Amino acid sequence: MKAELAKDWRGILNKEFEKEYFAKLTSFVNSEFKNGICFPPEKNIFKAFEVCSFSETKVVILGQDPYHGEGQAHGLSFSVPDGIKIPPSLRNILKELKSDLGFESPLFGNLIDWAKQGVLLLNATLTVRKSTPGSHQKQGWEEFTDSVIKTISNEKEFVVFILWGKFAEQKADLIDDSKHLIITSSHPSPFSAHRGFLGSKPFSKTNKYLTKNGLKTIDWELKDDQTKMVF
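Keep in mind it's a predicted model, so treat the numbers as computed, not measured.

S.K.: How should I be thinking about the sheet that holds strand S5 (residues 160-164) in this particular structure?
M.R.: Pairing between the strands of a sheet is mediated by backbone hydrogen bonds and can be parallel or antiparallel. In spatial order, the strands read S3-S2-S5-S6; together these four strands make up an open sheet with parallel pairing. The two strands at the open ends of the sheet, each matched to only one other strand, are strand S3 (119-123) and strand S6 (181-185). Sheet twist, expressed as the mean angle between neighbouring strand axes with direction ignored, is 20°. Taken together, the five bridges between S5 and S6 define a ladder with parallel strand orientation. The partner of Leu-163 across the bridge, within S6, is Thr-184. Across the sheet, helix H6 (residues 141-155) is in contact with strand S2 (59-63), S3 and S5; its angle to S3 comes to roughly 150°.

Here is the structure:
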């Protein structure tokens, strides 16, 4: 399991890579990829940390597991690669984006443009077995990503943490809300989106907070182009 990271993340996370739990996690993940089909592709396991550096991180959007369907996961929470049909939860995220800021929903679900602006699209568990949600939970990933959340909270100021659903909301205890903004709502899944996610306006709230604290806002608009269209 090779970790491709922005340079500043490497320095911050090296101490985690050296811990006993991470050695056991690495052994587990390597075995899973060797003996079955797992997602995302190994080169993309740490994609969130490769695209969004620690120094540039202004927003954290926390997911639980990577997508477990063929071709969907590429290392960014809620995002799918170009050419992949938009999953239901992401479709609701884009619906809320339109309601909140008026941007037309794109015909693709790749959120990498957000990540490039400082949005850390982080799953609590970074790998999963094909067609088996939750299959890589409680193997060490949560300890690793909890450490990431705590490090961001402790060492930065004015970060927006977007926690959708009960699982993500439990991570609020790791965050110092005296110097960061925590935005919570129900999960964007079709099973819960109508219980508080739709209409929650997380994107405008984020930009209002960033502006208030003298930080550059996120351009949330996802612009269609011919290479990204999915019909």
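S.K.: Could you clarify how one ought to interpret the nonpolar core in this entry?
M.R.: Buried together is how nonpolar side chains tend to be arranged in soluble globular proteins. Core analysis: the largest hydrophobic core is formed by 68 residues, its most contacted members being Trp-9, Phe-46, Phe-49, Ile-61, Trp-114, Leu-120 and Phe-144. If you tally residues by element for this core, the top one is helix H2 (residues 20-35), at six residues.

S.K.: Any chance you could explain the pairing of S3 here in plain terms?
M.R.: Remember that side chains alternate between the two faces of the sheet whenever the strand is regular. Extensive coverage of S3 is indicated by the burial of five of its five residues. On S3, burial covers both faces: Val-119, Leu-121 and Asn-123 on one face and Leu-120 and Leu-122 on the other are all buried. As defined by bridge partners, S2 adjoins S3 across five bridges and the pair is classed as parallel. Paired with Val-60 across the two strands is Leu-120, which belongs to S3.

S.K.: Looking at this model, I keep getting lost on the pattern of salt bridges. Mind explaining?
M.R.: When charged atoms on two side chains of opposite charge get close, those side chains can pair. As enumerated under the stated definition, the model contains nine salt bridges in all. Two residues, Lys-47 and Glu-50, come together in a salt bridge whose shortest N-O distance is 3.8 Å. A residue pair is termed a helical-turn pair when its members lie 3 or 4 positions apart in one helix, as Lys-47 and Glu-50 do in helix H3 (residues 47-51) at three residues. You can call Glu-50 partly exposed: its relative accessible area is 37%. The salt bridge involving Asp-146 is made with Lys-171; its shortest N-O contact spans 2.7 Å. Here Asp-146, found in helix H6, pairs with Lys-171, found in the loop between helix H7 (165-169) and S6; they are 25 residues apart in sequence, far enough to count as distant.

S.K.: Any chance you could explain the packing of aromatic side chains here in plain terms?
M.R.: In this description, a pair of aromatic rings is defined by centroid distance and the angle of the planes. Applying the stated criterion to the full structure yields 18 aromatic pairs. For the ring pair Phe-46 and Trp-141, a centre distance of 5.8 Å and an interplane angle of 65° mean the geometry is edge-to-face. Here Trp-141 lies in helix H6 and Phe-46 lies in the loop between strand S1 (38-39) and H3, a separation of 95 residues in the sequence. A relative accessible area of 2% places Phe-46 in the buried class. Aromatic side chains Phe-203 and Trp-220 sit 4.9 Å apart centroid to centroid with 65° between the ring planes, which places their arrangement in the edge-to-face category. With Phe-203 in helix H8 (residues 202-212) and Trp-220 in the segment after H8, the pair connects residues that are 17 residues apart, well separated along the chain. What makes Phe-203 buried here is its relative accessible area of 0%. The class of Trp-220 is buried, set by a relative accessible area of 0%. Counting every residue linked through ring pairs, the aromatic cluster contains Trp-9, Phe-17, Tyr-21, Phe-22, Phe-46, Phe-49, Phe-54, Trp-141 and Phe-144. Sitting over the face of the ring of Phe-54, Lys-156 holds its NZ or CZ atom 5.0 Å from the ring centroid.

S.K.: What exactly am I supposed to notice about the environment of Phe-197 here?
M.R.: The topology assignment puts Phe-197 in the loop between S6 and H8. Here Phe-197 falls in the buried class, since its relative accessible area comes to 0%. Taking the C-alpha atoms as reference points, Phe-197 and Gly-165, 32 residues apart in sequence, are found 8.7 Å from one another. With residues up to four places along the chain from it excluded, the contact list for Phe-197 reads Asn-92, Ile-93, Glu-96, Trp-164, Ser-185, Ser-186, His-187 and Pro-188.

Criteria and thresholds
Residues numbered from 1 in each chain as written. Predicted model: local features only at pLDDT ≥ 70, side-chain atom pairs only at ≥ 80, totals over all residues. Heavy atoms only, no water. Pairing = 2+ DSSP bridges. Helix = DSSP H or I, 4+ residues; strand = E, 2+ residues; numbered from the N terminus. Axes fitted to C-alpha atoms, helices over the stretch in contact; angles between N-to-C directions. Contact = heavy atoms within 4.5 Å. Core = buried A, V, L, I, M, F, W, Y, C linked by side-chain atoms within 4.5 Å. Buried < 20%, exposed > 50% of the residue type's maximum accessible area, 1.4 Å probe, protein only. Salt bridge = Lys/Arg side-chain N within 4 Å of Asp/Glu carboxyl O. Phe/Tyr/Trp six-rings, centres within 6.5 Å; stacked < 30°, edge-to-face > 60°. Lys NZ or Arg CZ within 6 Å of the ring centre and 35° of its normal.

Keep in mind these numbers describe shape, not what the thing actually does.
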